[in-house]
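Here is how the chains run, residue by residue.
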Amino acid sequence: SQTPGQWGRILLTGGSSDNIFEWTKIKNGTIGIDIFGVNDIDLLNKPLYESPQLIIKNSIIYNMSEKGISAGGSKIEGENLLIFNCGTNLLDLSYGGHYQFNHCTFANFWSFTARQTPSVLLSNYYYDLKEQLQNRPLLKASFGNCIIDGQNENEIFFDKSDEAEFNYEMNHCVLKLDSEYWDEWKNQSSAESVLSQNQNFIDYEIFDFTLDSNSVAIDAGVNLGVNLDLNGLPRNQEPDIGCFEYY
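Cut-offs used in this document
Residues numbered from 1 in each chain as written. Predicted model: local features only at pLDDT ≥ 70, side-chain atom pairs only at ≥ 80, totals over all residues. Heavy atoms only, no water. Helix = DSSP H or I, 4+ residues; strand = E, 2+ residues; numbered from the N terminus. Buried < 20%, exposed > 50% of the residue type's maximum accessible area, 1.4 Å probe, protein only. Pairing = 2+ DSSP bridges. Contact = heavy atoms within 4.5 Å. Phe/Tyr/Trp six-rings, centres within 6.5 Å; stacked < 30°, edge-to-face > 60°. Core = buried A, V, L, I, M, F, W, Y, C linked by side-chain atoms within 4.5 Å.

Caption draft 1: Representation of unusual backbone geometry within the structure. Positive phi outside glycine occurs at N58, with the angle close to 50 degrees. Position of N58 among the secondary structure elements: in strand β5 (residues 54-64). The buried category is assigned to N58, whose relative accessible area is 11%. Within the chain, Y95 stands out as a residue other than glycine whose phi angle is a positive 65 degrees.

Written out as structure tokens, the structure is:
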């Protein structure tokens with residue numbers, strides 16, 4: 001079945017840590033993994049850094065009616081992930097936190113309803129129930145050798161409050177963004193990323209997110225020590241960007 005919204009979510013609560021997902025496929029729910037983080041990131045820096053709430057590797061999340069991964073004030077380490085086709089965001093990193101994603105492919109070609117939301121959302125604040133602004137630092141949002149793609153013009157939204165840290169890097173990534181918007185947000189650590197308006201995948205309509213022979217992702221990455229791709233195939237010395245190595 002390819003019907004989204006058949007079940008709710010996998011919920012990781014604020015006190016939960018060291019949750020490991022490997023070789024996992026999550027599909028057809030509302031939110032794939034929903035993570036409740038810490039309330040005060042500044043005071044809880046030590047536990048936030050020591051124990052990730054989620055380590056997820058070699059896994060696929062897709063066909064969620066809302067979001068693939070939703071995390072607020074959390075710590076996540078992701079590697080060799082394919083997250084695709086969700087109704088709002090593939091990756092919602094709201095309310096600050098500490099995040100690292102290497103060799104991941106985020107591709108949102110959701111077709112059930114019109115989608116105006118970005119594939120990836122980064123923010124460092126929220127409004128509480130009294131509509132008061134609450135700042136929560138984004139200590140780190142690092143994407144290495146990742147593809148962020150979809151049918152929208154801008155598939156990342158940088159939602160920043162100037163009252164808290166907002167640290168991010170796009171290290172050797174392929175990004176679906178308008179050039180003017182990227183010029184506004186590109187920082188020094190993201191200088192090696194490229195924009196692509198062209199087809200990167202063999203056929204997203206049949207969920208084939210292996211790389212097309214014309215993709216700019218081929219041989220465009222940097223060695224991050226992730227030696228095998230999501231199919232278990234070896235990466236070469238100039239690895240491809242995303243979760244799949246081109247063969």
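Caption draft 2: Just the pairing of β5, in detail. Counting buried residues in β5 gives 10 out of 11 residues, a clear majority hidden from the surface. As defined by bridge partners, strand β2 (residues 19-22) adjoins β5 across 4 bridges and the pair is classed as parallel. Bridge pairing links N19 to L54 in β5. Where strand β3 (residues 25-27) and β5 come together, 3 bridges link them in parallel fashion. Looking at the pairing, I26 lines up with I61 of β5. As judged from the 9 bridges shared by β5 and strand β6 (residues 67-86), these two strands associate in the parallel manner. Each residue of the ladder has a partner; that of L54, found in β6, is I76.

Caption draft 3: A look at the environment of G78. Checked against the element boundaries, G78 lands in strand β6. Taking the C-alpha atoms as reference points, G78 and K57, 21 residues apart in sequence, are found 5.7 Å from one another. Non-local contacts of G78, meaning those with residues more than four positions away in its chain, are made with I56, Q100, F101, N102 and C104.

Caption draft 4: Highlighting the packing of aromatic side chains. Tallied over the entire structure, the rule returns 19 aromatic pairs. When the centroid spacing of 5.0 Å and the interplanar angle of 50 degrees are considered together, the rings of W110 and F112 count as tilted. For W110, a relative accessible area of 6% translates into the label buried. Judged by relative accessible area, which is 47%, F112 ranks as partly exposed. With a centroid separation of 5.5 Å and 70 degrees between ring planes, the pair formed by F166 and Y168 is classed as edge-to-face. For the pair shown, F166 and Y168 are each scored as buried.

Caption draft 5: Representation of the side chain of T105. One can find T105 in strand β8 (residues 105-108). When its relative accessible area of 1% is taken as the criterion, T105 is described as buried. Among residues more than four places away in sequence, those in contact with T105 are L81, L82, I83, I147, F201, G242 and C243.

Caption draft 6: Looking closely at the nonpolar core. Core analysis: the biggest nonpolar cluster contains 40 residues, and I33, F101, F106, L122, F143, F158 and M170 have the highest contact counts within it. In terms of residue count, β6 provides more of this core than any other element does, 6 residues in total. When neighbours within four sequence positions are excluded, M170 is seen to be in contact with L122, F143, I148, I156, F158, L175, W182, S189, S190 and S193. Counting residues in each nonpolar core, the second largest holds 16 residues, with I60, A107, I147 and F209 among its members.

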